[in-house]
Amino acid sequence: MDKLIVQGRKRLVGEVNISGAKNAAVAVIPAAIMAEGVSVLENLPRIEDVNNLCHTIEKLGGTCTYLDNGHTLKIDCDKGTAHCATFEEVQKIRASYYFLGAMLARYKKAEVALPGGCNFGVRPIDLHLKGFRALGATVEEGNGMVRAYADRLVGTSIYMDQVSVGATINIMLAASMAEGVTTIENAAKEPHVVDTANYLNMMGANIKGAGTDVIRIKGVEKLHGAQYTIIPDQIEAGTYMIAAAITGGDVLVKNIIPKHMDSLTAKLDEMNVTIEEHDDSIRITANRPLHCANVKTMSYPGFPTDLQPQIAALLSVCQGQSVITENVWDNRYQYIDELRKMGAQVQIDGRVARIDGIPRFHGANVTATDLRAGAAMILAALAAEGESVIDGVKYIDRGYEEVEHKFNALGANITRVKA
Ligand SMILES: CC(=O)N[C@H]1[C@@H](OP(=O)(O)OP(=O)(O)OC[C@H]2O[C@@H](n3ccc(=O)[nH]c3=O)[C@H](O)[C@@H]2O)O[C@H](CO)[C@@H](O)[C@@H]1O
Ligand SMILES: C=C(OP(=O)(O)O)C(=O)O
């Protein structure tokens, strides 16, 4: 597996362009198989999750063709695809569960292997399946597979027991081609939910209310291809904003939607970081001592769980005691042992992490236990005294485009050693 070697104590200065959002791209790509016609997706991030989804579409019988340097993709499933996805690619990533909703919509039948993705303990998909059943599908699970089929899907009212990004999007996909109207109450409001709804509407769907907690979907018979530009990645942007703060840097984070960053900018402001907001960029300057802060992760517009490891790295080198409460995942502190190897002082008690600020990290050999844990390791290593070696880079490559190149362009010194 590739490793990253990071020389620490580098102040990041300059500008960084944020790529398209992973969690939007990974929903929009499977949604493209619902179209009779060709879709052109722009601003796709060049990341492993996108590669895996493209391979899946090709194995299903569709075609994926890049039109430029890898950010614009033409997806052609005009003649239809298979409805059974059991390949290795499907098991590697979380978002492969969207093929269930997409296939069920177009073919009224779907067979998909259980998804993979980052390991935060149990990651059930019961709410997705409950939604499909409510629409009239029969759903069976067994041997690592989910099988769903229906003679017809019929719109209905669905109340989500828990706010779930994946279930909201998956039900939206299936309901787009159901008969009649579906309402999803207590829906997730994340920017990627809105992005997927916008793409589906461009394809001819009739979805209203995405971005609020009630989404209303009037089913249509057919969807056509569409040209669509993916939104910027809120989490990649947040990672570079925190990188500027942790290295005492001065970075303009470009090509973003500043509104999506509100929960993070409020927190960084509270910590004494200077923030300048522009139309589509944010400048982060950190030239004052940073204060401790308390962070609670929540669904959007709350503080995203996908920035929890990165903010933990930053809080580790702030003055005083900070408290993080992880409200989304049962087990998202596996990376803390790795951060401790670099000197972090953290006590974990269930969903709560108490972090006592240290003056600075020291370099160490650490492992990226998952995608955002890997991002946190890079941030800690950038701020650390000495050299760090980060293993498990394949997780980072799932969701960060050209990670070492983007950081090095800001003044970091990161070298990739190929396995
Ligand atoms: C590909 C993608 O977009 N991944 C994101 C998505 O994951 P994902 O869609 O898997 O996360 P959910 O929003 O569904 O999960 C939120 C909570 O609901 C629970 N739950 C979820 C589904 C279900 O059927 N039953 C159930 O109990 C989960 O255990 C978790 O505690 O949202 C998470 C929360 O913002 C992010 O961390 C992931 O980066
Ligand atoms: C957890 C994440 O992704 P996934 O749900 O795809 O594992 C993430 O993007 O931080």
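Residues numbered from 1 in each chain as written. Chains lettered and ligands numbered in written order. Predicted model: local features only at pLDDT ≥ 70, side-chain atom pairs only at ≥ 80, totals over all residues.

As annotated in an unreviewed UniProt entry, the chain is UDP-N-acetylglucosamine 1-carboxyvinyltransferase from Anaerotignum lactatifermentans DSM 14214. Recorded in UniProt under Sequence similarities (unreviewed entry), the annotation for the chain is "Belongs to the EPSP synthase family. MurA subfamily." What UniProt records for the chain under Pathway (unreviewed entry) is the sentence "Cell wall biogenesis; peptidoglycan biosynthesis." (UniProt positions renumbered as here; feature names shortened; annotations may be inferred.)

**Description of the UniProt feature "binding site: UDP-N-acetyl-alpha-D-glucosamine" (unreviewed entry) in the chain**
Mapped onto this structure's residue numbering, the UniProt feature "binding site: UDP-N-acetyl-alpha-D-glucosamine" (unreviewed entry) falls at R94, R123, P124, I125, D126, L127, D306 and V328. Along the chain, P124 falls in the loop between strand 8 (109-113) and helix 5 (126-134). Mapped onto the elements of the fold, L127 is located in helix 5. Judged by C-beta crowding, with 18 C-beta atoms within 10 Å, L127 ranks as partly exposed. In contact with L127, other than residues within four places in its own chain, are M160, D161, Q162, S164 and A167. (Helix = DSSP H or I, 4+ residues; strand = E, 2+ residues; numbered from the N terminus. Buried ≥ 20, exposed ≤ 12 C-beta atoms within 10 Å, placed from the backbone. Contact = placed C-beta atoms within 7 Å.)

**So, the packing of helix 1 (residues 22-31) against helix 4 (residues 98-107)**
Running from N to C, helix 1 and helix 4 point in directions that differ by 25°, and their axes come no closer than 8 Å. Taken together, the axes of helix 1 and helix 4 are roughly parallel relative to one another. In terms of crossing hand, the pair formed by helix 1 and helix 4 is right-handed. Between helix 1 and helix 4, the contacting residues are A27, P30 and A31 on the first element and Y98, F99 and A102 on the second. Class assignment for the residues of the contact of helix 1 with helix 4 results in six nonpolar, no polar and no charged. (Axes fitted to C-alpha atoms, helices over the stretch in contact; angles between N-to-C directions. Parallel < 35°, antiparallel > 145°, perpendicular 65-115°, else oblique. Left-handed = near helix turned anticlockwise from the far one by under 90°. Nonpolar A, V, L, I, M, F, W, Y, C, P; charged D, E, K, R; others polar.)

**Concerning the environment of L153**
In this fold, L153 is placed in the loop between strand 10 (145-149) and strand 11 (157-159). Distance in space between the C-alpha atoms of L153 and M177 is 7.7 Å, their sequence separation being 24 residues. In contact with L153, not counting residues within four places along its chain, are L104, K108, L135, G136, A137, A174, M177, A178 and E179.

**Looking at the nonpolar core**
If you look at the biggest cluster of nonpolar residues, it comprises 149 residues, and the most contacted ones within it are V28, M241, A245, L379 and A380. The biggest single contributor to this core is helix 12 (residues 371-383), with eleven residues. Counting only domains with at least three residues in this core, you end up with domain 1 (3-19 + 232-417) and domain 2 (22-229). If sequence neighbours within four positions are ignored, A380 has contacts with A313, L339, M342 and F361. (Core = buried A, V, L, I, M, F, W, Y, C linked by C-beta atoms within 7 Å. Domains from an automatic or database assignment.)

**Here we look at the packing of helix 10 (residues 308-316) against helix 12**
In contact at an axis separation of 7 Å, helix 10 and helix 12 are set at 25° when each is read in the N-to-C sense. When the interaxial angle is binned, helix 10 and helix 12 end up roughly parallel. Every pair of crossing elements has a handedness; the one defined by helix 10 and helix 12 is right-handed. Contacts between helix 10 and helix 12 involve P309, Q310, A312, A313 and L314 on the former and, on the latter, R372, A373, A375, A376, L379 and A380. Across the contact of helix 10 with helix 12, the residue classes break down as nine nonpolar, one polar and one charged.

**Observations concerning the domain arrangement of the chain**
Parsing the chain into structural domains produces domain 1 (3-19 + 232-417) and domain 2 (22-229). One C-alpha centre belongs to domain 1, the other to domain 2; they are set 30 Å apart. Tallying the contact residues gives 18 residues for domain 1 and 16 residues for domain 2. Here the residues of the side of domain 1 that touches domain 2 sort into five nonpolar, six polar and seven charged.

**A short note on the pairing of strand 25 (residues 387-391)**
Within a regular beta strand, the side chains point alternately toward one face of the sheet and then the other, so they alternate between its two faces. Here strand 1 (residues 3-7) pairs with strand 25 via four bridges, running antiparallel. Pairing of Q7 across the sheet is with E387, part of strand 25. Bridge count between strand 24 (residues 365-367) and strand 25: three bridges; the pairing is parallel. Pairing of T367 across the sheet is with D391, part of strand 25. The handedness of the strand 24 to strand 25 crossover, carried by helix 12, is right-handed. (Pairing = 2+ DSSP bridges. Right-handed = clockwise from strand over helix to strand, strands pointing away.)

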